[in-house]
Amino acid sequence: MIADTCQERPGWTELGRVLMSGGALLPEWAPSFRAVPRSAFLPELMWPFDMGAGASTAVSRADDPETWYRYADADVPVVTQWDDGRHVGHEPGQVSTSSASMPSVVFRMLRDLDVRPGHRVLEIGTGTGWNAALLAHRAGAENVVTVEVDGAVAGRARAALGRFGAAVRVIHGDGCEGHPGAAPYDRVVVTAGTRRVPFAWVEQTRPGGLIVVPWGTHYGNGDCVARLVVAPDGRSASGFFTGPVEFMKLRAQRLSPVVHGDYVVGGPEDRDTSSTRLTEDAFLGERFGPRRFAVGLRVPHCHHVVAEKRDGARPVWFYGLTDRSWACVMFRDGGTARVWQSGSRRLWDEAEAAHGWWEGEGRPGYERFGLTVTAEGQTAWLDTPDRAWPV
């Protein structure tokens, strides 16, 4: 058992009130929130995301404890590792590779997970260990197993959990394989973005158990939380999405960098030119809006990049991931958008058709989409699993 520790810092107390009023923190999770502070699991040097600056900034507890605790108690993501551990120094690295998620995201996913005392829980992606400690407080430390692919991250989390008194079993290994030695689990929670749900997670969850996982397509970096219920025969898991998030991806499922110059080669004769009546706002919508998610579901093996707007013009690029097909639409304020396409696929045509499908279905939100996972693959669907297509 973990001994309750009263949180007296005003920032943490106020954050709890905000999370409860917003529906992220349910009453049954409030004792765990109070007893398990995020600050107990953050490193001395960390890189919280500064909302005002729009970038990560280095904060040292030794140099500026007031600022360090202010960020620890704030609803912001905190980077704890850069560049798979190769980074040194105070300045941010190139790619963030481990972090402590926003508390609102953590508790929304725990809400979806519906953990009860005594449930056996598998966590994929230990990170700092904070989420594992919350699970231990709720379900019992002896019932929680957490798997971390990075040995250094796993070691730091194991030490932090030990200092805190949460005897969670921390496994250094490939989370895609789960941890069959302690199966079956009542709940599986994943703290990394996935593009393909490993069937091992389904096999290691009891029938009727839940898998809560951030999932998306390579169309973009965003994810959506899927809440999957394992079928009575254990041969599939299926369920609706609950809302948008954005996580660092499973290391085995990261998208390799798309090199623009590998695609856009040759001269004007190698590309088709056309136009579209779609506007920038109509096609893109909000960054975490459902239309981008829907288009990604309907345009497979494609990655899109929204470039910066300059002089009223914004290019959006599309790159095929199984060949060198590409497309670009140049949106202009108050004007018709031009389109260029090249390769065996007409990626803009596919994207425009996907957007039209989304419009025709009544502009469905995330909550109308679902995911089904079997040993053979995975399908997305709208409203019911019988309206499915492979993804």
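All of the points below concern the structure found in this document. Within each chain, residues carry numbers counting from 1 in the order of the written sequence. A pLDDT threshold of at least 70 governs which residues receive local features in this predicted model, and a stricter bar of 80 or more applies before side-chain atom pairs are shown or counted, although totals over entire chains, interfaces and linings include all residues. With hydrogens and water set aside, each side-chain value is computed from the structure's full complement of heavy atoms.

1. Digging into the overall build of the chain
Across its full length, the chain carries eleven helices and 20 strands. Relative to the globule expectation of 21 Å for 391 residues, the C-alpha radius of gyration of the chain, 22 Å, shows essentially globular dimensions. Projecting the C-alpha coordinates of the chain onto the three principal axes gives extents of approximately 70 × 55 × 40 Å. Think of it in three bands: residues with accessible area under 20% of the maximum for their type are buried, residues over 50% are exposed, and the middle band is partly exposed, with areas taken using a 1.4 Å probe on protein chains only. Within the span of the chain, comprising 391 residues, buried residues form 52% of the whole. It only takes one pair of heavy atoms within 4.5 Å for two residues to be counted as in contact. Across the chain, contacts joining residues at least 24 apart in sequence account for 58% of those joining residues at least 6 apart. Secondary structure is summarised from DSSP: a helix means a run of H or I of at least four residues, a strand means a run of E of at least two, and numbering begins at the N terminus for each. Here the radius of gyration uses the C-alpha set of atoms, whereas the globule reference equals 2.2 Å times the residue count to the power 0.38.

2. What to know about the sheet that holds strand β17 (residues 337-342)
Either a parallel or an antiparallel arrangement is found when strands of a sheet pair, and the pairing is made through backbone hydrogen bonds. Here, any two strands with at least 2 DSSP bridges between them count as paired. Strand order in this open sheet of five strands is β13-β17-β16-β15-β14, and the pairing throughout is antiparallel. Looking at which strands have only one partner, the edges of the open sheet turn out to be β13 (272-276) and β14 (302-306). The mean inter-strand angle of the sheet, taken between neighbouring strand axes irrespective of direction, is 20°. Looking at chain direction, β13 and β17 are connected through five bridges and run antiparallel. Fitted lines through C-alpha atoms give the axes, limited to the stretch in contact for helices. The angle between two N-to-C directions lies from 0 to 180 degrees.

3. Section: helix α11 (residues 347-360)
The terminal C-alpha atoms of α11 lie 20 Å apart, and with 14 residues this matches the ideal 20 Å at 1.5 Å per residue to within 8%. Residues Leu347, Trp348, Ala351, Ala354, His355, Trp357 and Trp358 constitute the buried set of α11. At the exit of α11 stands Gly362, carrying a positive phi of roughly 90°. Expected helix span is computed as 1.5 Å times (number of residues minus one).

4. Quick word on unusual backbone geometry
With an omega of 5°, the peptide bond running from Ala183 to Pro184 counts as cis. Relative to the assigned elements, Pro184 resides in the loop between β8 (169-172) and β9 (185-190). Even without glycine at this site, Arg363 takes up a positive phi of about 55°. Mapped onto the elements of the fold, Arg363 is located in the loop between α11 and β18 (369-374).

5. A look at the pattern of salt bridges
What counts as a salt bridge is simple: a side-chain nitrogen of Lys or Arg found within 4 Å of a carboxyl oxygen of Asp or Glu. Enumeration over the complete set of coordinates arrives at 22 salt bridges. Residue Arg254 pairs with Asp84 through a salt bridge whose shortest N-O separation is 2.8 Å. With Arg254 in the loop between β12 (236-245) and α8 (260-263) and Asp84 in the loop between β4 (78-82) and β5 (96-100), the pair connects residues that are 170 residues apart, well separated along the chain. Judged by its relative accessible area of 36%, Arg254 is partly exposed.

6. A look at the packing of helix α4 (residues 103-113) against helix α5 (residues 130-139)
Interhelical geometry of α4 versus α5 gives an angle of 40° and a closest axis separation of 12 Å. The angle between the axes of α4 and α5 places the two elements in the oblique class. The handedness of the crossing between α4 and α5 comes out as right-handed. Residues Pro103, Val106, Phe107, Leu110 and Leu113 of α4 lie in contact with α5, whose contacting residues are Trp130, Asn131, Leu134 and Leu135. Any residue that is not Ala, Val, Leu, Ile, Met, Phe, Trp, Tyr, Cys, Pro, Asp, Glu, Lys or Arg is counted as polar, Gly included; the first ten are nonpolar and the last four charged. Taken together, the residues of the contact of α4 with α5 break down into eight nonpolar, one polar and no charged. For classification purposes, angles smaller than 35 degrees are called roughly parallel, those larger than 145 roughly antiparallel, those between 65 and 115 roughly perpendicular, and all remaining angles oblique. Crossing handedness follows the turn of the near helix against the far one: under a right angle anticlockwise gives a left-handed crossing, and clockwise gives a right-handed one.

7. Re the environment of Asp349
Note that Asp349 resides in helix α11. Residues Asp349 and Tyr219, spaced 130 residues apart in sequence, show a C-alpha to C-alpha distance of 15 Å.

8. A word on the pairing of strand β19 (residues 377-382)
The buried fraction of β19 is high, at five of six residues. Judged from the six bridges that link them, β18 and β19 form a sheet pairing that is antiparallel. Opposite Gly370, over in β19, you have Trp381 as the bridge partner. Between β18 and β19, which follow one another and run antiparallel, lie two residues. The pairing of β19 with strand β20 (residues 388-390) spans three bridges and is classified as antiparallel.

9. Here we look at helix α1 (residues 10-21)
For α1, spanning twelve residues, the distance from its first C-alpha to its last is 17 Å, which sits close to the expected 16 Å at 1.5 Å a residue. Those residues of α1 not exposed but buried are Trp12, Leu15, Gly16 and Leu19. Around the axis of α1, the buried residues are gathered within 105° of arc, so they sit on the same side. Exposed side of α1, more than 90 degrees from the buried face: Pro10 and Ser21 are the residues found there. Looking at the buried side of α1, the elements it contacts are α2 (30-35), α3 (65-72), α4 and α5. Positive phi shows up at Gly23, right after α1, with a value of about 90°. Comment: arc refers to directions from the helix axis out to C-beta atoms.

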